[in-house]
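Examining the three-dimensional arrangement
Chain residues, written in single-letter form:
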Amino acid sequence: EAVAAEWMLEFACSCLCRHFAERSGAEFQWWRDIAQALINGLSRIPPHQKKTVYLCQLLIRIAQGKNLGFRFENDKRISPLESALSFWTLLEREEIKLEKLHEDIRRLIQIQIVAVHMENGYFKEASEVLERLFTDSESDKPLRVKLATVIKTKDPYVPLLQSFSYSLLISKIKSYIELFMKENETNFLIKEATKQVESNGLGATALQNKSVEVNENYKNELETKQRFVLSIVLRDLLGEMQNCCLDGDSSLFWMCINCLLGLHNMQNVGENGAPLACSRRRQRWTNTEDMELKSGVKEFGVGNWAKILIHGNFNNRTSVMLKDRWRTLSR
């Protein structure tokens with residue numbers, strides 16, 4: 001289960017990075033929920049996955065950076081960008097070779113924390129957050145003094161804030177993502193799936209996410225091939241790794257497959273290996289499932305959807321479905 005969860009988290013991070021760079025809102029939110037569920041399911045962060053976890057948390061918060069009503073921390077004063085800054089600090093500690101880019105992004109986040117408060121008319125809060133952001137060190141003093149002066153003007157459109165805009169921050173984050181993706185381009189699921197695609201003559205571009213102009217029919221056919229290939233790759237791995245801790249009966253393993261393929265169940269691959277139609281029909285929740293969900297929340301707490309899914313008796317559900325159903329029940 002630990003091995004499958006690590007593969008899945010790496011894949012979810014890759015998808016988050018791609019959809020953040022492409023500004024694909026719906027897809028980003030889908031993978032955000034999957035990544036968050038996987039992270040919540042970790043009892044501890046493996047050292048080799050710290051960067052992956054920190055980057056996921058950073059992107060999730062940057063995406064909500066302008067929404068001051070959104071909270072990631074128990075302290076209601078902490079905005080999404082201020083929470084993002086804490087994860088950027090953790091990322092900086094994991095690397096030493098990108099000092100210039102690190103410094104640029106840190107300064108942009110700090111400036112935008114103040115700017116977003118000012119844009120929303122929260123000038124008092126902007127002054128308070130300035131005190132939290134900067135130390136008394138000489139290196140911080142010039143920017144701290146400039147931002148204090150900007151706050152006194154109560155003008156969110158001063159040249160300093162316009163020159164170091166939110167769009168520039170997004171651009172710098174994209175630059176960091178590109179470097180991260182290059183270092184992690186040997187993602188296990190992508191690599192194994194690409195091998196399988198090539199061996200079946202389906203064309204390596206199916207899983208390389210390359211920019212090509214295709215019609216809608218080709219896109220649908222390509223998506224079906226991707227789903228089919230990823231399903232047989234993961235299924236075949238069970239037979240090849242008998243000495244590994246990966247268990248074919250593991251509920252977490254099949255949860256990962258369901259999340260990865262976006263399917264309700266594995267019946268979308270027929271007996272002869274041919275992919276069937278991948279429809280997403282709504283499945284009515286039963287009273288039994290509702291009771292299982294309530295029991296799981298009571299035992300593990302709100303937000304630990306992966307754990308609740310593993311230990312509960314649900315009919316072809318994913319952690320995202322559990323989260324949505326709980327939101328409905330809470331109303």
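Bear in mind that the values here come from a model prediction, so they are computed numbers and not experimental data.

The next thing to look at is the packing of aromatic side chains. In this structure the tally under the stated criterion is six aromatic pairs. Measuring from centroid to centroid gives 6.0 Å for Phe20 and Phe28, while their planes differ by 55 degrees, and the two rings are tilted. Taken as a pair, Phe20 and Phe28 share a single burial class, namely buried. With a centroid separation of 5.1 Å and 80 degrees between ring planes, the pair formed by Trp88 and Tyr176 is classed as edge-to-face. Placement of the pair is Trp88 in helix α4 (residues 80-94) and Tyr176 in helix α9 (residues 166-183), with a sequence separation of 88 residues. Residue Trp88 shares its accessibility class with Tyr176, and that shared class is buried. The ring of Trp285 has Arg317 lying over it, and the distance from NZ or CZ to the ring centre is 4.1 Å.

Turning to the pattern of salt bridges, a few remarks are in order. Counted according to the given criterion, the structure contains 13 salt bridges. Note that Asp104 is salt-bridged to Lys100, the shortest N-O span being 2.8 Å. With Asp104 and Lys100 both in helix α5 (residues 99-119) and four residues apart, the pair spans about one turn of that helix. The exposure class assigned to Lys100 is exposed, which follows from its relative accessible area of 60%. Salt bridges linked by common partners bring Arg32, Asp33 and Lys323 together as one network.

The rules behind the values
Residues numbered from 1 in each chain as written. Predicted model: local features only at pLDDT ≥ 70, side-chain atom pairs only at ≥ 80, totals over all residues. Heavy atoms only, no water. Phe/Tyr/Trp six-rings, centres within 6.5 Å; stacked < 30°, edge-to-face > 60°. Buried < 20%, exposed > 50% of the residue type's maximum accessible area, 1.4 Å probe, protein only. Helix = DSSP H or I, 4+ residues; strand = E, 2+ residues; numbered from the N terminus. Lys NZ or Arg CZ within 6 Å of the ring centre and 35° of its normal. Salt bridge = Lys/Arg side-chain N within 4 Å of Asp/Glu carboxyl O.

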